[in-house]
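# Examination of the molecular architecture
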Amino acid sequence: MTTSFPKATIEGYPRIGANRELKRALESYWAGRIDAETFRSTARALRIDTYNHLRDLGLTEDYAIPADVAYYDQVLETALTVGLVPGGTDLDEEFALARGTDTRVPLEMTKWFDTNYHYLVPEVSAGQDITPAPERIVRIVEEAREAGHTVRPYLVGPVTLLALSKPAEWSLLEKLVDAYAQVLSALKAAGVEWVQVAEPAVVADLSTPDAEIAARLREAWSTLLAREDRPNVYLTTPYGAAREALAVLGELAPEALHVDLAPWTLDTDADYASRVAAAIPAGVHLVAGLIDGRNVWAANLRERTEVLNGLGRDNGTVSVSTSTSLQHVPHTLNAERNLPVEVAPWLSFADEKIAEVRALVAGEDEAVSAFAQSDRAVRTRAESATIHSAEVSARVEKLPAGEVQRAPLFAERKKIQDEELGLPKLATTTIGSFPQTPEIRKARADHKAGELTDEQYRDALKAEIKNVIELQEEIGIDVLVHGEAERNDMVQYFAELLVGFVVTENGWVQSYGSRCTRPPIVVGDVSRPAPMTVEWAKYAQSLSDKPVKGMLTGPVTILAWSFKRDDVPLSVSADQIALALADEVRDLENAGIKVIQIDEPALRELLPLRADERPAYLDWAVRAFRLVALEAQPGTQIHTHLCYSEFGQIIDAVAGLDADVTSIEAARSRMELLEDIDSTFHSEIGPGVWDIHSPRVPSTEEMVELIRAALANVPAERLWVNPDCGLKTRGYAEVEPSLRNLVAARDEVAAGL
Ligand code: GLN
Ligand code: ZN
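Residues numbered from 1 in each chain as written. Chains lettered and ligands numbered in written order. Predicted model: local features only at pLDDT ≥ 70, side-chain atom pairs only at ≥ 80, totals over all residues. Heavy atoms only, no water.

## Observations regarding the overall build of the protein chain
Formally: For the purposes of this entry, the term helix denotes a DSSP run of H or I that reaches at least four residues, the term strand denotes a run of E that reaches at least two, and both are numbered from the N terminus. Just to be clear, the radius of gyration here is over C-alpha atoms, and the globule rule we use is 2.2 Å times residues to the power 0.38. Each residue gets one of three labels from its accessible area relative to the maximum for its type: buried under 20%, exposed over 50%, partly exposed in between, using a 1.4 Å probe on protein chains only. Only the protein chains shown count as covering a residue, and every accessible area follows the Shrake-Rupley method with a 1.4 Å probe. Under this rule, positive means Lys or Arg and negative means Asp or Glu; His and the chain ends count for nothing. By convention, charge coordinates are those of NZ in Lys, CZ in Arg, CG in Asp, or CD in Glu.
Across its full length, the protein chain holds 27 helices and 18 strands. The globule rule puts the C-alpha radius of gyration for 753 residues at 27 Å, and the 27 Å found for the protein chain is close to it. With the C-alpha coordinates aligned to their principal axes, the bounding extent of the protein chain is approximately 80 × 60 × 50 Å. Per-residue burial for the protein chain yields a buried fraction of 60% across its 753 residues. Just so you have it, the protein chain exposes about 29,000 Å², and 50% of that area is on carbon and sulfur atoms. Considering the protein chain, the positive charge centre built from 75 side chains and the negative charge centre built from 117 side chains are found 2 Å apart.

Next comes the structure, spelled out in structure tokens:
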């Protein structure tokens, strides 16, 4: 080993750019506004700017800056580099894999561990060819060097890459390891001394069991580490605690090993730090992932120092890093001008986290002011009267513990609702949103800029609601929606109206490709100062004799798409949000709303990575949903909606929500999920018959076929006809004919009943 591992480092940094430069470059290139050359040079300039910025922030040691670069996705980047997915260095081929073309479907996309980042799933097959393209990674190192930086190239590891592929084809491992060996050898030849290889598969229960992952890890890495022509290997294990694999990692003894010691990880696995200390031999340089890469809270530096000291390492054999890449948090607090002054010191985004890493390395005697600042933040946050509400706590504490049950049971409720609503068999509805037209976006922007008064903005929204109601009436839909024109985003909208949340101006985080979201932050106890949706629902209902659905985002989804508190269990925030929503349900009922939908598309997203933690999660998640509807009148029909997921794993929980009607994504999988649903579901169900993710207009015939397929599993009196999801990303040119076809399909099937 010539260069020792840097004392202070991070696992990765947001790629999208502080001003979303990469997003703009990608979208300009896809739209044909810039050519490949311009795209590449823009992306390159952003990478170099980022390295300069990180050096300015104090990552000055050689190899302290990770080069975790990718145009679209880090998993695709590695898959192309090692040749598990063919494509070499061709830019258009890369984007075709990511986004599809007229003639090709894109790779499937799914959640990266328990984050809101989505990666592209490599499609593999036994016996396939694996031809690496090491020039992809070598040129990254070289361009950095030309700009004066000695960066640490990044790869997803072979075990994780295969474990996440479809299928997890382990017969490819040997060939794949050989491809990695070639890439490592090319890096060595390019003069690289440290490479970072991420193996987060060791912290999760994936389709491959933990013990097998550990065995594969041994197989792959004993081969790779035995090679002479390679750089030093920095093996990393972000996103949680390794179990079976920990001993194997100790035996493999890479030159450096990263472990995730974030507060969240230690909360769920209290003795992880001591297991790490016992399992990892002194000869392995240990990198303590002490600063939380996934949440936005300023670290408690004294508590973090204790964890570091508890590892019992000599100064020269331990470094400090983040628990995960910082790609999951916004760039910097400096871009925020409107955060409440009390809250700002409690927060830490990517750049501020780098300062925390450095403070931990420097220690309390050196970094005096950083430690003092941390102490103050810890104390003012714990004592703050703004975020702790005795009233909210008392209300949550008064709730019955454990399972709660709406009364009467579904069978009884159904009789009352059938009578009160008088809906036909195979009732039609939509999921909530209608197209967010350029006019709506403009009105929102003008309102924000002060060019439209509140009054004018409200009038614009009301005009839109009127159009949406009239269109549905004319097409002949049974249960109407108001179209959600007033919502910028289904979570942000509620976060802005609830006490206990803070929203950012520039807190963009990459979700996938060029897509970014701006998650709100749950800072404290949550309550509802005033009704949030009633005015719109009431207005919409006043325009029609048919029922119009009240539309709420459920507590689990609001929580899942926000940064969470780290000072109370998630279940506490979930209960608080649920109670706020329960008040909204009551107010909607009082305003004459008979049907209320509580969306939970993200129910599966918070599912823990470890199987033994899942039942407890599902218990509190289901309970929170049920709290929202607990006091609803028996005649109020409660709907829920879910999408984005394979439901197999959580189907019992979905049934357990005890909604009267559940709409669920199903068109793309051609009603496959109905077989699971048959035995679990006794309430009403609307499996989507129109895949709204695609711009095509589904024909009446194909929807007739899907409704008939559904009828094979669900009787007509419990079956609804609806699209897969909301229509906000579609245009009216597709929505109108598609909805007409949907109603025609229902009529045709209903006529034959
Ligand atoms: N009601 C929401 C909409 O229609 C649901 C969105 C979702 O499921 N993601 O837009
Ligand atoms: Zn949906």
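## Section: the site of ligand 1
Put simply, the test is: A single heavy atom is enough: if one lies within 4 Å of a molecule or strand, its residue is considered near that molecule or strand. Residues adjacent in sequence count toward polar contacts only when both atoms are side-chain atoms; beyond that, a polar contact is any pair of N or O atoms within 3.5 Å, and within protein one must be able to donate a hydrogen and the other to accept it. For this classification, Asp, Glu, Lys and Arg are treated as charged, while Ala, Val, Leu, Ile, Met, Phe, Trp, Tyr, Cys and Pro are nonpolar and the rest, including Gly, are polar.
The full set close to ligand 1 counts 13 residues, and Ser433, Glu484, Asp599, His641 and Gly726 are the nearest of them. Contact between ligand 1 and Lys728: an oxygen atom at 3.4 Å from a side-chain N or O atom of the residue. For the shell around ligand 1, a count of residues per class yields six nonpolar, four polar and three charged.

## Things to note about the coordination of the zinc ion (ligand 2)
Applicable threshold: Donor atoms: N, O and S within 2.8 Å of the metal, or within 3.2 Å for Na, K and Ca. Because water is excluded, sites can look incomplete. The geometry test gives tetrahedral to four donors whose angles all lie between 85 and 135 degrees, gives square planar to four donors and octahedral to six donors whose opposite members are over 155 degrees apart with all other angles between 65 and 115, and gives irregular to the rest.
At this site the zinc ion (ligand 2) is bound by His641 (NE2), Cys643 (SG) and Cys725 (SG), with donor distances of 2.0 to 2.3 Å. Around the zinc ion (ligand 2), the four donor atoms are arranged such that angles at the metal cover 92 to 123°; this shape is classified as tetrahedral. Sequence spacing of the donors to the zinc ion (ligand 2): H-x1-C-x81-C. Neither residue differs from the other here; His641 and Cys643 are each classed as buried.

## Looking at the pattern of salt bridges
Side chains carrying opposite charge are able to pair once their charged atoms draw close together. For clarity, the threshold we go by: Criterion for a salt bridge: a side-chain nitrogen of Lys or Arg within 4 Å of a carboxyl oxygen of Asp or Glu.
Within this structure, the stated rule accounts for 53 salt bridges. One salt bridge connects Asp269 with Arg275, and the closest N-O pair in it is separated by 2.6 Å. Given the relative accessible area of 13%, Asp269 is considered buried. We classify Arg275 as partly exposed; its relative accessible area is 25%. Notably, a salt bridge pairs Glu364 with Arg302, separated by 2.5 Å at the nearest N-O pair. With Glu364 in the loop between helix H13 (350-362) and helix H14 (368-383) and Arg302 in helix H12 (residues 301-310), this residue pair connects regions lying 62 residues apart in the sequence. Judged by relative accessible area, Glu364 falls into the partly exposed class, the value being 38%.

## Structural notes on the packing of aromatic side chains
Convention followed: Pairing of aromatic rings covers Phe, Tyr and the six-membered ring of Trp, with a centre-to-centre limit of 6.5 Å; geometry is then stacked below 30 degrees between planes, edge-to-face above 60, and tilted otherwise. Over a ring means this: the NZ of a Lys or the CZ of an Arg is within 6 Å of the ring centre and within 35 degrees of the ring normal.
Scanning all chains against the criterion turns up 14 aromatic pairs. An aromatic cluster is present here, built from Tyr29, Trp30, Phe39, Tyr71, Tyr72 and Phe95 joined pairwise through their rings. Just above the ring of Trp30 sits the side chain of Arg99; from NZ or CZ to the centre is 3.8 Å.

## With respect to the environment of Lys414
Stated precisely, the cut-off is as follows: Contact between two residues is taken to exist if any of their heavy atoms lie within 4.5 Å; hydrogens are not considered.
Considering the arrangement of structural elements, one finds Lys414 in helix H16 (residues 410-421). Overall, Lys414 belongs to the buried group, its relative accessible area being 15%. Placed 304 residues apart in sequence, Lys414 and Arg718 show a C-alpha to C-alpha distance of 9.8 Å. Those residues within four positions of Lys414 in sequence are excluded, and the remaining contacts are Glu684 and Glu717. A polar contact of 2.9 Å, which involves the side chain of Lys414, links it to the side chain of Glu684.

## Observations regarding unusual backbone geometry
Note the cis peptide between Lys166 and Pro167, where omega equals -10°. Examined against the element boundaries, Pro167 turns out to sit in the loop between helix H6 (158-163) and helix H7 (173-189). With omega at -10°, the peptide bond leading from Ala407 into Pro408 counts as cis. Tracing the backbone through its elements, the reader meets Pro408 in the loop between helix H15 (390-397) and H16.

## Re the sheet that holds strand E5 (residues 194-198)
Our working definition: Strands pair, by our definition, only if DSSP identifies at least two bridges between them.
Spatially, seven strands are ordered E1-E4-E5-E6-E7-E8-E9 in an open sheet, and the strand pairing comes out parallel. Pairing within the sheet leaves two strands with one partner each, and these edge strands are strand E1 (66-67) and strand E9 (318-322). Relative to strand E7 (residues 256-260), strand E6 (residues 232-237) runs parallel, the two being bridged by four bridges. Note on E7: the bridge partner recorded for Thr237 is Val259.

Nothing here speaks to function; it is geometry throughout.
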